[in-house]
Amino acid sequence: MPSGEVGFIGLGIMGRPMARNLMKAGYSLTVYDVVGSAIEEVVGDGAKPASSAAEVAAATPTIITMVPDSADSEAAILGDNGVLEGASAGSVVIDMSSIAPASSQKIAAACEAQGVAFLDAPVSGGEPGAISATLAIMVGGKKDVFDAHLGLLEAMGSSIVLCGDYGAGNTTKLANQIMVAANIEAVGEALTLAKKAGLDPNVVFNAVKGGLAGSNVLNAKGPMMIEGDFNPGFRIVLHHKDLNNALLTAKELGVGLPVTSLVQQMIVSLMNEGKGNADHSAIANFIEDMAGVTISGD
Ligand code: NAD
């Protein structure tokens, strides 16, 4: 069993189960979150509490962050009482948050200036993947740092790929989020059409899932639409953040993302309706509203 001291900052839907899996794999954890109750929960499972990100970094040479967006990663790592205030040369910061690639590059440069190694390592697989330690982890950074921390990442994921230098993990994650958003929207359209035509959406789901339209998105999100269960999971506001980062990155690169832009408009409309904390499968609600039916309805 591996052993070692690891710091974990950001104990939300994803961070909590990931921290638990590290403890199960034999690592000793020191943890911090801006929300005290999130710390208490993981301390109940055997982690040591810290009162700031700097305190985590002073206690452990390997620090993982799992916070919502670029501003949060920058606050946790570069900000007052942040990781770089407590870290020593030779430490490593692994930011597993899904943030803008440019922000990962900014954080990497600040880490390097202090002799601290850095990996951006966002994940896909959602809360179920975090719980079962089967996340897909997309990594950006230097190969020697990646190789040295592969075992640690394997305690949280089952597919771990070095995609390129700093920011490449998050560029890959944006590509992932574009595909997921468009696929959820298409599943919503398809099941709404089937429902309005008088078919049983569950029969349609079972009929198509083994064919070319089958996908992990269909398998995970189709049943939620059919049940009308939009408990997160992955919150709409987080997908809004990811598509925003995709559109900003595309603008910088001179790339058009027409379908991504359209789904982002649907997401904005859902947020204005108060559905920001629903699961992103609720993108289907936009299509249901236009059709005047619900996929789950009688
Ligand atoms: P969450 O909102 O449930 O958790 C984030 C946690 O970070 C919260 O507990 C919050 O208090 C804490 N936090 C915020 N700023 C902080 C700071 N400066 N210092 C310390 N703690 C801070 O979000 P989540 O669903 O766990 O997602 C985390 C990241 O993982 C996001 O970037 C998200 O896009 C990504 N992600 C989420 C999923 C999913 O299904 N939930 C799947 C893949 C990737």
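Residues numbered from 1 in each chain as written. Predicted model: local features only at pLDDT ≥ 70, side-chain atom pairs only at ≥ 80, totals over all residues. Heavy atoms only, no water.

**Q** Tell me what's going on with the overall build of the protein chain, and back it up with residues and numbers.
**A** Check the secondary structure of the protein chain and you find 14 helices and nine strands. Rg of the C-alpha trace for the protein chain: 20 Å, near the compact-globule value of 19 Å for 298 residues, within the 12% margin. In terms of overall dimensions, the protein chain has a C-alpha envelope of 65 × 45 × 35 Å along the principal axes. The buried share of the protein chain, reckoned over its 298 residues, is 51%. Within the protein chain, contacts between residues at least 6 apart in sequence are counted, and of these 66% link residues at least 24 apart. For the protein chain, the accessible area works out to roughly 12,700 Å², and carbon and sulfur atoms hold 57% of it. Looking at the protein chain, you have 16 positive and 31 negative side-chain charges, and the mean spots of the two groups are 4 Å apart. (Helix = DSSP H or I, 4+ residues; strand = E, 2+ residues; numbered from the N terminus. Rg over C-alpha atoms; globule rule 2.2 N^0.38 Å. Buried < 20%, exposed > 50% of the residue type's maximum accessible area, 1.4 Å probe, protein only. Contact = heavy atoms within 4.5 Å. Areas by Shrake-Rupley, 256 points an atom, 1.4 Å probe, with all protein chains shown as cover. Lys, Arg positive; Asp, Glu negative; His and termini not counted. Charge placed at Lys NZ, Arg CZ, Asp CG, Glu CD.)

**Q** Tell me about the pairing of strand β9 (residues 157–164), residues and numbers included.
**A** With six bridges joining them, strand β8 (residues 135–141) and β9 adopt parallel strand pairing. Paired with Gly 140 across the two strands is Gly 164, which belongs to β9. As a crossover connection, the stretch from β8 through helix α8 (residues 143–154) into β9 is right-handed. (Pairing = 2+ DSSP bridges. Right-handed = clockwise from strand over helix to strand, strands pointing away.)

**Q** I'd love a proper account of helix α9 (residues 168–196), names of residues and values included.
**A** In this model, α9 (29 residues) spans 42 Å end to end at C-alpha, consistent with the 42 Å of a helix rising 1.5 Å per residue. Following α9 by one or two positions, Gly 198 has its phi on the positive side, about 90°. (Expected span 1.5 Å × (residues − 1).)

**Q** Describe the nonpolar core, and please don't skip the residues or the numbers.
**A** Counting residues in each nonpolar core, the largest one holds 55 residues, and the members touching the most others are Phe 8, Met 18, Leu 22, Leu 29, Met 96 and Ile 137. Excluding residues within four positions of it along the chain, Leu 22 makes contact with Val 6, Phe 8, Tyr 27, Leu 29, Ile 64, Leu 152, Ala 155 and Met 156. The next biggest cluster of nonpolar side chains, apart from the first, holds 23 residues, and it includes Val 180, Ala 181, Val 187 and Ile 226. (Core = buried A, V, L, I, M, F, W, Y, C linked by side-chain atoms within 4.5 Å.)

**Q** How would you summarise the packing of aromatic side chains if you had to cite specific residues and measurements?
**A** All chains considered together, the criterion is met by one aromatic pair. Seen from their ring centres, Phe 118 and Tyr 166 are 6.1 Å apart, and the 55° between their planes marks the pair as tilted. Here Tyr 166 lies in the loop between β9 and α9 and Phe 118 lies in strand β6 (residues 117–120), a separation of 48 residues in the sequence. (Phe/Tyr/Trp six-rings, centres within 6.5 Å; stacked < 30°, edge-to-face > 60°.)

**Q** Which residues make up the site of the ligand, and what are the values?
**A** Lining the immediate environment of the ligand, one finds 26 residues, of which Ile 13, Met 14, Asp 33, Pro 68 and Lys 241 sit closest. Between the ligand and the protein, one listed contact pairs a nitrogen atom with a backbone N or O atom of Val 34 at 3.4 Å. Within the contact set of the ligand, a nitrogen atom lies 3.5 Å away from a backbone nitrogen or oxygen of Gly 233. Protein chains shield 89% of the accessible area of the ligand, which is 830 Å² for the free molecule. Listed by contribution, the elements that provide at least two residues to the shell around the ligand are α4 (70–78), α7 (126–131) and α12 (236–253). Class assignment for the residues of the shell around the ligand results in 14 nonpolar, six polar and six charged. (Near = heavy atom within 4 Å. Polar contact = N/O pair within 3.5 Å; in protein donor to acceptor, adjacent residues only side chain to side chain. Nonpolar A, V, L, I, M, F, W, Y, C, P; charged D, E, K, R; others polar.)

**Q** Before we move on, could you go through the packing of α9 against α12 and cite the residues and values that matter?
**A** Contact pair α9 / α12: the axes reach a minimum separation of 9 Å and the direction vectors enclose 120°. When you trace α9 past α12, the crossing you get is left-handed. Residue-level contacts link Lys 173, Leu 174, Gln 177, Ile 178, Val 180 and Ala 181 of α9 to His 239, Asp 242, Leu 243, Asn 245, Ala 246 and Thr 249 of α12. (Axes fitted to C-alpha atoms, helices over the stretch in contact; angles between N-to-C directions. Left-handed = near helix turned anticlockwise from the far one by under 90°.)

**Q** Hey, could you go over the pattern of salt bridges for me, with residue numbers and the actual values?
**A** As enumerated under the stated definition, the model contains 10 salt bridges in all. The partner of Asp 242 in a salt bridge is Lys 241, and the shortest N-O contact between them spans 2.9 Å. Across the pair, Lys 241 and Asp 242 agree in class, each one buried. Through salt bridges that share partners, Arg 16, Arg 20, Glu 41 and Asp 45 make up one connected network. (Salt bridge = Lys/Arg side-chain N within 4 Å of Asp/Glu carboxyl O.)

**Q** Provide a residue-level description of the side chain of Glu 74, including the pertinent values.
**A** Along the chain, the position of Glu 74 falls in helix α4. The exposure class of Glu 74 is buried, given its relative accessible area of 18%. Among all residues touching Glu 74, those that are not within four sequence positions of it are Gly 79, Ser 103, Lys 106 and Ile 107.

Note that every value here comes from positions in space, so none of it alone points to a role or purpose.
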